[in-house]
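Letter by letter, the chains look like this.
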Amino acid sequence: SALIMKTKILPILAVIILLISCEKVNVATKTEKTPVIEAFIMPQKDTITVSVKYMIPYTGTDTIQMPVSGVPVFLIHKKDTVLMTEYPDSSGEYRVLSSKLNFKPGDSIGLYGLYEDAVFRSATRIPDSIQSLAISTSSLFFTGDPKGMMDSGGLTITWSNPASDYYYVIIENTETSPTPLNDMVADLPSMSFAAPSQADQFQVSMRNIRYYGKHRVIVFHINPEFADLFDNAELTSNAITQPPGNVENAMGIFTALTADTVYFTVYKN
């Protein structure tokens, strides 16, 4: 019942607020039971999701991260503290509507959670909206001959970046059944990306494209903790279990990003 739920949550809330307010909190020893936090907050999305899972130990045989269920997870925005809800159909995923926090670009968001006797915490900033995003042309033409790929031209995406912030670019074919440029790229993914950079433009050439048809270019304004994931030379397919994260007393990443999109089409010449 609602009364039972309230009586269970109130003591937990009191404990976590007490721990957060103290100057010294218990420091978690990182073991295979250490929680791994994963959250990418976007103002454009209706829901904020924070994933809490156990890390995969290097010495173990498991290859799947198990969810950490029943953990109180809070988001802090200005004077508002919101307890996230773990969805029954998604164990280890804690969600809350973005409207509950009413944040906007430039705002700071805090994360607090209680796992066993240790508080994990983090904070991030919602990046400013992308300014002056533009694309030099909306059409590219290609004959299909691999020999002419380097000479087929390209296009330029630009944006304003006076503070030398980090940006991340994804190029994706949006056709339902895209036609490959040639047999050499027939089985390659329809999406490509570039590592984050502090530039204010990105050059798209046929090396970034594998299929004809409509494409979208998503430009993300990201925080340094996101860019750090790409700078780690030892990053592997299992690295989300031990990334260069920004969560105290846990592992993983708590970050935010904003995005904008431009479009172009590749035609057969």
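As the structure is a computational prediction, the values presented were derived from the model and not from experiment.

## Observations concerning the sheet that holds strand 11 (residues 154-158)
Then comes step 1: Spatially, 9-11-14 is the arrangement adopted by the 3 strands of the open sheet, whose pairing is antiparallel. Here the strands that pair on one side only, and so sit at the sheet edges, are strand 9 (134-135) and strand 14 (201-205).
Then comes step 2: Direction of pairing for strand 9 relative to strand 11: antiparallel, over a ladder of 2 bridges. Directly across from Ile135, in strand 11, lies its bridge partner Ile157.

## Quick word on unusual backbone geometry
Then comes step 1: Phi is positive for Lys78, close to 55°, though the residue is something other than glycine.
Then comes step 2: Assignment of secondary structure puts Lys78 in the loop between strand 3 (73-77) and strand 4 (80-83).
Then comes step 3: For Ser164, which is not glycine, the phi dihedral falls at a positive 55°.
Then comes step 4: For Ser164, the position within the fold is in the loop between strand 11 and strand 12 (166-173).
Then comes step 5: The partly exposed category is assigned to Ser164, whose relative accessible area is 37%.

## Let's talk about the sheet that holds strand 5 (residues 85-86)
For sheets, the rule is that strands pair by backbone hydrogen bonds, running either parallel or antiparallel.
Then comes step 1: Within the open sheet, the 5 strands sit side by side as 5-6-2-1-16. Their pairing is mixed. Only two strands of the sheet have a single neighbouring strand rather than two, namely strand 5 and strand 16 (251-256).
Then comes step 2: Alignment of strand 2 (residues 47-54) against strand 6 (residues 93-97), held across 5 bridges, turns out to be antiparallel. Following the sheet pairing, Val50 is matched in strand 6 by Tyr94.
Then comes step 3: Of the strands in this sheet, strand 1 (35-41) and strand 16 are in contact with helix 2 (residues 224-231), which crosses strand 16 at around 130°.

## Examining the side chain of Ser51
Then comes step 1: Structurally, Ser51 is set in strand 2.
Then comes step 2: The exposure class assigned to Ser51 is buried, which follows from its relative accessible area of 10%.
Then comes step 3: Once residues within four sequence positions are removed from consideration, Ser51 is found in contact with Val36, Ile37, Glu38 and Gly92.

Conventions used here
Residue positions are given per chain, counting from 1 as you read along its sequence in written order. Per-residue local features are limited, in this predicted model, to residues with pLDDT of at least 70; the limit for side-chain atom pairs, both in listing and counting, is 80 or more; totals at the level of whole chains, interfaces and linings are taken over all residues. Side-chain metrics in this entry use all non-hydrogen atoms of the structure; hydrogen atoms and water are not considered. A pair of strands is considered paired only if DSSP assigns at least 2 bridges between the two. Secondary structure elements follow DSSP: runs of H or I no shorter than four residues count as helices, runs of E no shorter than two count as strands, and numbering proceeds from the N terminus. Buried residues are those whose accessible area, probed at 1.4 Å on protein chains only, stays under 20% of the maximum for their type, while exposed residues exceed 50% and partly exposed ones sit between those limits. Residue contacts are counted whenever heavy atoms from the two residues lie within 4.5 Å of one another. The axes are straight lines fitted to the C-alpha atoms, using for helices just the contacting stretch, and the angles between their N-to-C directions are given from 0 to 180°.

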